[in-house]
Amino acid sequence: MFIKMENNYTNWLVPLNIALQLKGVGFDEICVCYGRIVYNKISNKKYIPYVSHNSYSKLKGIKNSEHINDDITFGISIPTWEQVFEWFRDKGLHSHIEYTCDNNLFKINIIGVLLKTGESHFASYEQAREALVKKLINIYKK
């Protein structure tokens, strides 16, 4: 059974572009949300993730490596933010987001990594969370 989540992509899932980047760096954890994408026509507007579950109402997921791809489409697993941060912690990249009261901003920190380039202060937690994951992906690629 599949439940369609139309036009209300939840904020507990990483955006599609980040899910694709994570797949590219080897993220292969079980995710309960996943979908299919047409090759060379990746569009958030046309993309609808699905949540799978079995008859016992327990969520069952799929890894990126378990998707069956064809000539037209490929599967992608879409993790939660917490899954992504846990995956990076398991790879030795520990990080956190902190709120700075003096200027009402959120600051990203990666333990043992000096953020020399790019912005490290953000107006919202959501902006900081996305920037942090993108930074972790770039660090992990190297």
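Residues numbered from 1 in each chain as written. Predicted model: local features only at pLDDT ≥ 70, side-chain atom pairs only at ≥ 80, totals over all residues. Heavy atoms only, no water.

Novice: Break down the packing of helix H1 (residues 16-24) against helix H3 (residues 125-141) for me, citing the residues and quoting the values.
Specialist: Look at H1 against H3: their axes get within 11 Å of each other, and the N-to-C directions meet at 20°. Judged by the inter-axis angle, H1 sits roughly parallel to H3. As H1 packs across H3, the resulting crossing turns out to be left-handed. Listed contacts from H3 to Asn 17, Ile 18, Gln 21 and Leu 22 of H1 are Glu 130, Val 133, Lys 134 and Ile 137. Across the contact of H1 with H3, the residue classes break down as four nonpolar, two polar and two charged. (Axes fitted to C-alpha atoms, helices over the stretch in contact; angles between N-to-C directions. Helix = DSSP H or I, 4+ residues; strand = E, 2+ residues; numbered from the N terminus. Parallel < 35°, antiparallel > 145°, perpendicular 65-115°, else oblique. Left-handed = near helix turned anticlockwise from the far one by under 90°. Contact = heavy atoms within 4.5 Å. Nonpolar A, V, L, I, M, F, W, Y, C, P; charged D, E, K, R; others polar.)

Novice: Quick one: what's the story with the packing of aromatic side chains, residue by residue and with numbers?
Specialist: Under the defined criterion, the tally for this structure stands at six aromatic pairs. Both rings, one in Phe 27 and one in Trp 87, keep their centres 5.4 Å apart while their planes meet at 65°; by these two values the pair is edge-to-face. Highlighted residues: Phe 27 in the loop between H1 and strand S2 (33-38) and Trp 87 in helix H2 (residues 81-90), separated in sequence by 60 residues. Centroid distance Trp 87 to Phe 88: 5.1 Å. Interplanar angle 70°. Geometry classified as edge-to-face. Looking at Phe 88, the relative accessible area reads 0%, which means it is buried. Site record: aromatic cluster; members linked through ring pairs are Phe 27, Trp 87, Phe 88 and Tyr 140. (Phe/Tyr/Trp six-rings, centres within 6.5 Å; stacked < 30°, edge-to-face > 60°. Buried < 20%, exposed > 50% of the residue type's maximum accessible area, 1.4 Å probe, protein only.)

Novice: Lay out the environment of Trp 87 with the relevant residues and their values.
Specialist: Taking relative accessible area as the criterion, Trp 87 reaches 4% and is therefore assigned buried. Along the primary structure Trp 87 and Glu 29 are separated by 58 residues, whereas in three dimensions their C-alpha atoms are 8.2 Å apart. Non-local contacts of Trp 87, meaning those with residues more than four positions away in its chain, are made with Val 25, Gly 26, Phe 27, Glu 29 and Tyr 140.

Novice: Before we move on, can you summarise H1 with the specific residues and values?
Specialist: Working note: α-helix, 3.6 residues per turn, so residues spaced by three or four point in the same direction. When H1 is considered as a whole, its buried residues turn out to be Leu 16, Ile 18, Ala 19 and Leu 22. Axial view of H1: buried residues confined to an arc of 160°, hence all on one face. Packing partners of the buried residues in H1 comprise S2, strand S4 (73-78), H2 and H3. Phi turns positive, to about 100°, at Gly 26, one or two residues after H1. (Arc of directions from axis to C-beta.)

Novice: Go over H2, please, and point to the residues and values.
Specialist: Every buried residue of H2 is listed here: Trp 81, Val 84, Phe 85, Trp 87 and Phe 88. In a view along the axis of H2, the buried residues occupy a sector of 160°, so they form one face of it. Looking at the buried positions of H2, the neighbouring elements they touch are H1, strand S5 (95-100) and H3. The first or second residue beyond H2 is Gly 92, which carries a positive phi of 90°.

Novice: Give a description of the state of the cysteines that names residues and reports values.
Specialist: Applying the stated rule across the entire model yields zero disulfides. The thiol of Cys 33 is unpaired, and the distance to the nearest cysteine sulfur, on Cys 31, comes to 8.1 Å. (Disulfide = S-S within 2.5 Å.)

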